[in-house]
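Results of the structural survey
Residues per chain are reported as follows:
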Amino acid sequence: MLKSKTFLKKTRAGGVMKIVREHYLRDDIGCGAPGCAACGGAHEGPVLEPQPLDPASSLCPWPHYLLPDTNVLLHQILRVWRPGTWASVASSLRLPGSLETYVEQEQGENANDRNDRAIRVAAKWYNEHLKKMSAENHLQVIFITNDKKNKEKAIEEGIPAFTCEEYVKSLTANPELIDRLACLSEEGNEIESGRIIFSEHLPLSKLQQGIKSGTYLQGTFRASRENYLEATLWVHGDDEENKEIILQGLKHLNRAVHEDIVAVELLPKNQWVAPSSVVLHDEGQNEDDLEKEEERERILKTAVNEKMLKPTGRVVGIIKRNWRPYCGMLSKSDIKESRRHLFTPADKRIPRIRIETRQASTLEGRRIIVAIDGWPRNSRYPNGHFVKNLGEVGDKETETEVLLLEHDVPHQPFSQAVLSFLPKMPWSITEKDMKNREDLRHLCVCSVDPPGCTDIDDALHCRELENGNLEVGVHIADVSHFIRPGNALDQESARRGTTVYLCEKRIDMVPELLSSNLCSLRCNVDRLAFSCIWEMNHNAEILKVRFTKSAINSKASLTYAEAQMRIDSTAMNDDITTSLRGLNKLAKILKKRRIEKGALTLSSPEVRFHMDSETHDPIDLQTKELRETNSMVEEFMLLANISVAKKIHEEFSEHALLRKHPAPPPSNYEILVKAAKSKNLEIKTDTAKSLADSLDRADSPTFPYLNTLLRILATRCMMQAVYFCSGMDNDFHHYGLASPIYTHFTSPIRRYADIIVHRLLAVAIGADCTYPELTDKHKLADLCKNLNFRHKMAQYAQRASVAFHTQLFFKSKGIVSEEAYILFVRKNAIVVLIPKYGLEGTVFFEEKDKPKPRLIYDDEIPSLKIEDTVFHIFDKVKVKIMLDSSNLQHQKIRMSLVEPQIPGISIPVDTPNMDINEPERKKKKREK
């Protein structure tokens, strides 16, 4: 049966459009219950569970199905899941779309009331239908709704109906489920205290008016990791003025949570503040202990130079909450039998969350997941509820799961739908595969990678031509041959965006059959590749460049050390070694030329763990050693990326996926310039070239490590490199590489951006056909947004993995003393770098329950005077390193000053420290 509805709609241009909506109603749709004789087994799509719920419910002791209304589904289920899960839930839902359950909106009835009535009609239909199927078994559908009126109407109509809380409380066999209920409203869960802490959030209509008129600014709320009373607003829009707004103090933060989209009112200039140099962590004060909070806020507002003041504001309303499930630990209440406890998130940018649970004793010492439900005006902390128990704190599997969840890294196994698009094994190159492809299997190609690498993206070759010039080739795995546009494998790869490398684990972007086998350019097997081939003279000047899909057979898979040994060995002169020497010679010329143009050579300490073969615990920690061969591979990857960027932009001026690195604003360099000045050195930052030249000149014969420290500090001044669509931006420049155009082509096994670039290049050379999404700049811009987010999260996850394994290393090593250099000075601490371990940490000079030392902070130099000792950036100190497990919420590497000696501050080398891990030991003793 066909039902149609016609209405008129006014267009933007002022015309009138007639819209017809049609509903096709059927009478042959089954109920979904297995074995239903009335439906005759006619089931399309998902069916109901074969066994209905038969829990120990005091309200519904008979077998039943549950039918939640839309709000229950949204607030109790989807609120604790990550974005993107609605589609998977919607696909599993089933309401009969038949003549008997179709409901039309009545005159005067709003959309919500019509939807409520439709669900009640469906519930009633199910109950009447299931009676025919199983009259003696009492099989029923229970309607779950938190809407008081909806529930009352359902009961009037003879439908069994309960609120979510009523039903869950009736499950006597599972009392812990009550903990997982979301709070229904902020108002209903406020602390009984009548004290109002925060100002009221303005309604969305007023916020939108204010933003339009310029009274308020809209942006993303970014909480500080180092100071829980401070945040930054990144203003949305093209207006560069007031791009960054400082928010300081609990009341000005006004219940905003990290990553929320908020509206901010700019304060008068006489109320502007400077970004705080104080390190403050929330130690979980009592609700009414706000005097301590106000005292801490006064510390932030010490006298500062007027030049340091930044535009400052206060949050007046929330435009969009970006809450997610948070991992962390329970801080059990000191009050005996209390059900109300504080949850401390693993991410220090997230405030503590108050939850109610009856399982506090069980959950203590465990990593758990909690969701926020609301944040009332008279509550110091937001309210939330318990979602999931992940495992014991400190356990490697548990901690890895936490860091993947916290950084939103998709890590579930690949679904069958995704795996179904993989090639069938055994696989080999066919005649069809060789269409539009060159056979380069005769070339002496080899790969150079870190030890243990199985996802080999790239290989190289270099040979002399008959005309005396050199032919150099970069051959990249042809992943786009296996991943075709739009299928489930392509969609999942795009969603993941990048492979994530943890210390002991790799979260692949593509299934292992591709990443470690069919796409990996392993030696002595035929593989499909995309090749970039140059003809060069011996001065590394490019004479010709061409791109081709190819088939190669790598003659060797080398590590950086093995390749270096071949280059340096006088006894080896085979084809592979000759090729490597030619590549290395050209790479040195390319690098020199790049640096002369203004490319930056920065530094960032990278660490490598040596693992115990049985326990897989770290037994040694070293900074990574870089060889000439590292630079050799890097130079040709950069050259290939630049060559491909030029080609795809020539062919697709509006649709090329490129990568840019914006120049940092001058204010970013202030700390670098001041630090260099304190060592009587001048750093010029007006261009990348002047920065590179002044870094090259910044040497000290008596302090050889100074130049490395300056380059590390310069790295911290840089902006993040990002992907973008050429048709949506005018600035293509890559600041760090001093290149006018750049992209990513060389790592398609681990970066989805490279797959798109491969597709663009294939179309450009006529090796493949295009498709609509490839030339849609708006879709490409959305894709870039996701890729930038995924890359950023991958970097953070990798750092978190290094931090956790560093903790494991020092847990087994015990307390050690090492030389360190100061990277930053704060008002109450110094941040130091330990070159031996590539480890960074903070030495605090103000500790709880200890006399406060006399501290004088000078932001201009910058320096920190403690008693009679002055610390400057890059000063050499000696620190004691230990694992601090006294706070199970955040175990951390703790550093204490050993030298220079300051009475009451420094710890003598030969004096054992107080046992900071005593609380953990006592806990384990009690458990035994």
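Parameters at a glance
- Residues numbered from 1 in each chain as written.
- Predicted model: local features only at pLDDT ≥ 70, side-chain atom pairs only at ≥ 80, totals over all residues.
- Heavy atoms only, no water.
- UniProt positions renumbered as here; feature names shortened; annotations may be inferred.
- Buried < 20%, exposed > 50% of the residue type's maximum accessible area, 1.4 Å probe, protein only.
- Helix = DSSP H or I, 4+ residues; strand = E, 2+ residues; numbered from the N terminus.
- Pairing = 2+ DSSP bridges.
- Right-handed = clockwise from strand over helix to strand, strands pointing away.
- Phe/Tyr/Trp six-rings, centres within 6.5 Å; stacked < 30°, edge-to-face > 60°.
- Lys NZ or Arg CZ within 6 Å of the ring centre and 35° of its normal.
- Axes fitted to C-alpha atoms, helices over the stretch in contact; angles between N-to-C directions.
- Contact = heavy atoms within 4.5 Å.
- Parallel < 35°, antiparallel > 145°, perpendicular 65-115°, else oblique.
- Nonpolar A, V, L, I, M, F, W, Y, C, P; charged D, E, K, R; others polar.
- Core = buried A, V, L, I, M, F, W, Y, C linked by side-chain atoms within 4.5 Å.
- Arc of directions from axis to C-beta.
- Salt bridge = Lys/Arg side-chain N within 4 Å of Asp/Glu carboxyl O.
- Polar contact = N/O pair within 3.5 Å; in protein donor to acceptor, adjacent residues only side chain to side chain.
- pLDDT = per-residue confidence, 0-100.
- Disulfide = S-S within 2.5 Å.

The name an unreviewed UniProt entry gives the protein is Exosome complex exonuclease RRP44, with Puma concolor as the organism. In its Cofactor (unreviewed entry) section, the UniProt entry covering the protein states "Mn(2+)". In UniProt, the protein has this text filed under Sequence similarities (unreviewed entry): "Belongs to the RNR ribonuclease family."

Another point: the pairing of strand E4 (residues 140-144). Buried residues dominate E4, accounting for 5 of its 5 residues. The side-chain alternation of E4 yields two buried faces, one formed by Gln-140, Ile-142 and Ile-144 and the other by Val-141 and Phe-143. Direction of pairing for strand E3 (residues 64-68) relative to E4: parallel, over a ladder of 5 bridges. Among the inter-strand pairings, Pro-68 is bridged to a residue of E4, identified as Ile-144. Bridging between E4 and strand E5 (residues 161-162) involves 2 bridges; their strand directions are parallel. Across the sheet, Phe-143 pairs through a bridge with Ala-161, a residue of E5. In terms of handedness, the path from E4 via helix H4 (residues 148-156) over to E5 forms a crossover that is right-handed.

Before going further, it helps to examine the packing of aromatic side chains. Inspection of the entire model under this criterion finds 12 aromatic pairs. With a centroid separation of 5.9 Å and 75° between ring planes, the pair formed by Phe-530 and Phe-745 is classed as edge-to-face. With a gap of 215 residues between them, Phe-530 in strand E22 (residues 526-536) and Phe-745 in the loop between strand E28 (722-725) and helix H20 (752-764) connect regions that are remote in the sequence. Taken individually, Phe-530 and Phe-745 each receive the classification buried, so the pair is uniform in this respect. An aromatic cluster is defined as three or more aromatic residues linked by ring pairs; in this entry it consists of Phe-703, Tyr-705 and Tyr-821. Over the aromatic face of Tyr-796 sits the side chain of Arg-225, whose NZ or CZ is 5.7 Å from the ring centroid.

The strand order across the open sheet formed by 5 strands is E31-E30-E29-E35-E36, and the pairing between neighbours is antiparallel. Each edge of the open sheet is held by one strand with a lone partner, namely strand E31 (839-844) and strand E36 (892-899). Taking the axes of each pair of neighbouring strands and ignoring which way they run, one obtains an average angle of 45° across the sheet. Judged from the 4 bridges that link them, strand E29 (residues 816-825) and strand E30 (residues 829-834) form a sheet pairing that is antiparallel. Across the sheet, Val-825 pairs through a bridge with Ile-830, a residue of E30. Relative to E29, helix H19 (residues 706-717) is tilted by about 50°, and along the sheet it contacts E29, E30 and E31.

Strands sit in the order E11-E12-E13-E15-E14 around a closed barrel of 5 strands; the barrel is mixed. This sheet shows a mean twist of 55° between the axes of neighbouring strands, independent of strand direction. Relative to strand E13 (residues 353-356), strand E12 (residues 340-345) runs antiparallel, the two sharing 4 bridges. Residue pairing in the sheet places Phe-343 in a bridge with Ile-353 of E13.

As for its position among the elements, Met-718 is in the loop between H19 and E28. Ignoring sequence-local partners within four residues, the contact set of Met-718 consists of Leu-600, Leu-602, His-661, Pro-664, Tyr-669, Leu-691 and Tyr-735.

Here the focus is unusual backbone geometry. Only a minority of non-glycine residues have a phi that is not negative, and only a minority of peptide bonds are not trans. For the bond running from Met-425 to Pro-426, omega is -5°, close enough to zero to count as cis. Mapped onto the secondary structure, Pro-426 falls in the loop between helix H11 (416-419) and strand E16 (438-439). The backbone phi angle of Glu-867 is positive, close to 55°, even though this residue is not glycine. Its place among the elements puts Glu-867 in the loop between strand E33 (863-866) and strand E34 (869-872).

The next point concerns the packing of helix H14 (residues 560-568) against helix H15 (residues 575-596). For the pair H14 and H15, the least separation of the axes is 9 Å and the interaxial angle reads 90°. Overall, the two elements H14 and H15 adopt an arrangement that is roughly perpendicular. Along its contact with H14, which presents Ala-563, Arg-566 and Ile-567, the element H15 presents Ile-576, Thr-577, Leu-580, Arg-581 and Asn-584. Of the residues assigned to the contact of H14 with H15, the class counts are 4 nonpolar, 2 polar and 2 charged.

It is the contact of H14 with helix H16 (residues 628-651), at a shortest axis distance of 8 Å, that shows an interaxial angle of 100°. The angle between the axes of H14 and H16 places the two elements in the roughly perpendicular class. Where H14 approaches H16, its residues Tyr-560, Ala-563, Gln-564 and Ile-567 are matched on the opposing element by Glu-628, Thr-629, Asn-630, Met-632 and Val-633. Tallied by class, the residues present in the contact of H14 with H16 amount to 5 nonpolar, 3 polar and 1 charged.

Turning to the nonpolar core, a few remarks are in order. Counting residues in each nonpolar core, the largest one holds 88 residues, and the members touching the most others are Leu-514, Trp-534, Leu-580, Phe-636, Leu-657, Phe-745 and Ile-756. Setting aside residues up to four positions removed in sequence, Leu-657 forms contacts with Ile-648, Tyr-723, Phe-724, Thr-743, Ala-753, Ile-756, Val-757, Leu-760, Leu-780, Leu-783, Cys-784 and Leu-787.

What H14 keeps buried is the set Tyr-560, Ala-563, Gln-564, Arg-566 and Ile-567. The buried side chains of H14 occupy one side of the element, clustering within an arc of 160° when seen end-on. Residues of H14 that are exposed and point more than 90 degrees away from the buried face comprise Met-565 and Asp-568. For H14, the elements touching its buried residues are strand E17 (446-449), strand E24 (556-559), H15 and H16.

So, about the pattern of salt bridges. A full pass over the atoms with the stated rule returns 49 salt bridges. A salt bridge links Glu-265 to Arg-314; the nearest nitrogen and oxygen atoms lie 2.9 Å apart. With a gap of 49 residues between them, Glu-265 in strand E9 (residues 261-266) and Arg-314 in strand E10 (residues 312-320) connect regions that are remote in the sequence. Arg-314 sits in the partly exposed class, given a relative accessible area of 28%. Between Arg-441 and Asp-439 there is a salt bridge, with its nearest N and O atoms 2.8 Å apart. Here Asp-439 falls in the partly exposed class, since its relative accessible area comes to 38%.

With respect to the secondary-structure elements, Thr-498 resides in the loop between helix H12 (488-496) and strand E20 (500-501). For Thr-498, a relative accessible area of 9% corresponds to the buried category. Here the side chain of Thr-498 touches Arg-750 through a polar contact of 3.2 Å, landing on its backbone oxygen. Excluding its chain neighbours within four sequence positions, the residues that come into contact with Thr-498 are Ile-507, Met-509, Arg-750, Arg-790, His-791 and Ala-794.

The predicted coordinates of low-pLDDT regions are not to be read in fine detail. Overall, the predicted model of the protein reaches an average pLDDT of 85, with 84% of residues at or above 70. In the predicted structure, residues 918-928 sits below a pLDDT of 50 and forms 7 contacts with residues beyond four places in sequence or in another chain.

Taken as a whole, H4 has its buried residues at Asn-150, Lys-151 and Ala-154. Viewed along the axis of H4, the buried residues span an arc of 100°, placing them on a single side of the element. H4 presents Lys-148, Lys-149 and Glu-156 as exposed residues on the side facing more than 90 degrees away from its buried surface. Taking the backbone nitrogen of Lys-149 as reference, a side-chain oxygen 3.0 Å away marks Asp-147 as the first, capping residue of H4. Phi turns positive one or two residues past the end of H4, at Gly-158, with a value near 80°.

Once that is clear, we can look at the state of the cysteines. In total, this model carries 0 disulfides according to the counting rule given. Distance from the sulfur of Cys-444, which forms no disulfide, to the nearest cysteine sulfur (Cys-446) is 6.5 Å. Taking relative accessible area as the criterion, Cys-444 reaches 23% and is therefore assigned partly exposed.

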